[in-house]
Amino acid sequence: MSKAVWTAAAALAVFTIAVPAIAQSTATATVNVTVNVSARATLDLHGTNSVTFADADPDTTPSIAAPALTIDVKSRTSAASNVTLTVVSNQDLTSGSDVIGIANLTWTSTGTGFAAGTMNKTTAQTVGSWTGSGTRSGTVTLKLANSWAYNAGAYTATLTYTLTAP
Amino acid sequence: MRIRSVIVAAVFIGAAQASPALAQPQSATATMTVSVSTSAKLTISSSTLTFADANPDLVPQIAPAQGALSITAKARATDNAQVVLTVQADDDLRSGLQVIPASAITWTASGTGFASGTLSKTAPVTLGQWTGSGSRTGSQTLAFRNLWTYATGTYTCVLLYTLSGP
């Protein structure tokens, strides 16, 4: 074997011995992660727990509007589940023995998924409906049909808003 | 008598051999070789992390039930070589068809050389970096970004921690 070949062989040997010293050392570990996301819902009327309709002349104000309610709806549900916001009145508008039919109370709305409707004391009416999880915000403006036929008085009823997220 | 003479002779020879004054100068060399190879060892205090459900409005960042991870990274490396600890998710957080991006998990860290970061499924993210050999201990506190938009479910993924030294 020529000197050049031996020199190359020696160089290769040195290189081979040096390899372990520069080899990368690695250690690994795994951690299993679990995140639980459960169904839940929150309904926020921004602190509004009373709505007042001021007296007005039925001829000039046939429909009395209350200040708009801002409603925030937050829900977590399965992806295809329906989220529904409903409202029902506990009674007709009542002042002693005088009554104004609750159907005289209607509402308009703004915001994606919110709907207009007419109040009912026996069946909950849909105020909004959506699909899946998320946060939704809208407004509801209650309006009372004004009539000369109403007896004077301070009429009251309680509205219950219910958010359902299965 | 013969036996006594043999014993005396043996004692004399032994005493002569044990006397430094009579010994010839001796010298010897021993070549000691210590082999130190590159290596790495990674220890993590828990192999599971569980994030419980919580109200996003009240707990926007959820800490795992196991608390902070205690991490020990030991490495033998060549002088001035970089030792790097990375973490990468095997996938996004998944619950059936539902997906929460791996980036919803972030962490803060304590300990020299440890760094905060955001989890990724596409590239390893540096959790710690040091120079040369040594044993380093720190803690990693993971957090899950809690949002209303997540669909309900039990989401999982696996975190791969890799300690590399040249």
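Residues numbered from 1 in each chain as written. Chains lettered and ligands numbered in written order. Predicted model: local features only at pLDDT ≥ 70, side-chain atom pairs only at ≥ 80, totals over all residues.

A word on the overall build of chain B. In terms of regular secondary structure, chain B is built from one helix and twelve strands. Helices and strands appear in chain B in the N-to-C order α-β-β-β-β-β-β-β-β-β-β-β-β. Expressed as a percentage of its 166 residues, the buried residues of chain B come to 27%. (Helix = DSSP H or I, 4+ residues; strand = E, 2+ residues; numbered from the N terminus. Buried ≥ 20, exposed ≤ 12 C-beta atoms within 10 Å, placed from the backbone.)

On to the overall build of chain A. Tallying secondary structure elements over chain A gives one helix and twelve strands in all. Counting from the amino terminus, chain A carries its helices and strands in the arrangement α-β-β-β-β-β-β-β-β-β-β-β-β. Across the 166 residues of chain A, 17% fall into the buried class. Considering only residue pairs separated by 6 or more positions, chain A has 74% of its internal contacts joining residues 24 or more positions apart. (Contact = placed C-beta atoms within 7 Å.)

Facing 42 residues of chain B, the contacting portion of chain A comprises 30 residues. Taken together, the elements giving at least two residues each to the side of chain B that touches chain A come down to strand E1 (39-44), strand E2 (48-51), strand E7 (98-100) and strand E12 (153-165) of chain B. Tallying contributions element by element places E12(B) first for the side of chain B that touches chain A, with 13 residues. For the side of chain B that touches chain A, the class distribution of residues is 21 nonpolar, 18 polar and three charged. Where strand E1 (residues 25-37) of chain A meets E12(B), 13 bridges bridge the pair, whose relative direction is antiparallel. Residue pairing across strands places Asn36(A) opposite Thr154(B), the latter belonging to E12(B). (Nonpolar A, V, L, I, M, F, W, Y, C, P; charged D, E, K, R; others polar. Pairing = 2+ DSSP bridges.)

Another point: the pairing of strand E8 (residues 105-110) of chain A. Residues and elements named next belong to chain A. In terms of strand pairing, E8 meets strand E11 (residues 134-145) through six bridges, oriented antiparallel. Following the sheet pairing, Thr106 is matched in E11 by Lys143. Pairing of E8 with strand E9 (residues 117-118), which is carried by two bridges, proceeds in the antiparallel orientation. Its bridge partner being in E9, Thr106 is matched across the sheet by Thr118.

All names here are of chain A. One open sheet holds the three strands; their spatial order is E10-E5-E12, and the pairing between them is antiparallel. Edge strands, defined here as strands with exactly one partner in the open sheet, are strand E10 (125-131) and strand E12 (159-164). This sheet shows a mean twist of 10 degrees between the axes of neighbouring strands, independent of strand direction. With six bridges connecting them, strand E5 (residues 82-89) and E12 associate as antiparallel partners. Its bridge partner being in E12, Thr84 is matched across the sheet by Thr164. (Axes fitted to C-alpha atoms, helices over the stretch in contact; angles between N-to-C directions.)

The subject of this paragraph is the confidence of the model for chain A. Per-residue confidence for chain A averages 87 on the pLDDT scale, and 86% of its residues sit at or above 70. pLDDT under 50 marks residues 1-22 of chain A. Its contacts with residues more than four places away, or in other chains, come to four contacts. (pLDDT = per-residue confidence, 0-100.)

Attention now moves to unusual backbone geometry. Positive phi is not limited to glycine here, since Asn80(B) has a value of about 65 degrees. Structurally, Asn80(B) is set in the loop between strand E4 (69-76) and strand E5 (82-89).

The biggest cluster of nonpolar side chains holds 37 residues, and the ones touching the most others in it are Val35(A), Leu93(B) and Ala102(B). The set of elements that each furnish at least two residues to this core consists of E1 of chain A together with E2, E4, E5, strand E8 (105-110), strand E10 (125-131), strand E11 (134-145) and E12 of chain B. Counting residues per element, this core draws most heavily on E12(B), which supplies five residues. If sequence neighbours within four positions are ignored, Val35(A) has contacts with Phe51(B), Leu93(B), Ile100(B), Phe144(B) and Tyr155(B). Judged by nonpolar contacts, the second largest core, of eight residues, contains Leu85(A), Val87(A), Phe114(A) and Val127(A). (Core = buried A, V, L, I, M, F, W, Y, C linked by C-beta atoms within 7 Å.)

What follows deals with the confidence of the model for chain B. Residue and element names in this part refer to chain B. Confidence in the prediction of chain B, expressed as mean pLDDT, is 88, and 86% of residues score 70 or more. Across residues 1-18, confidence stays below pLDDT 50; counting only partners more than four residues off in sequence or on other chains, it has one contact. Our summary of model confidence lists the complex with pTM equal to 0.78 and ipTM equal to 0.81.

Right, let's talk about the environment of Ala41(A) for a bit. Residues and elements named next belong to chain A. Checked against the element boundaries, Ala41 lands in strand E2 (residues 40-44). Residues Ala41 and Gly132, 91 residues apart in the sequence, show an inter-C-alpha distance of 11 Å. Setting aside anything within four residues of it in sequence, one finds Ala41 in contact with Lys74, Ser75, Leu163 and Ala165.

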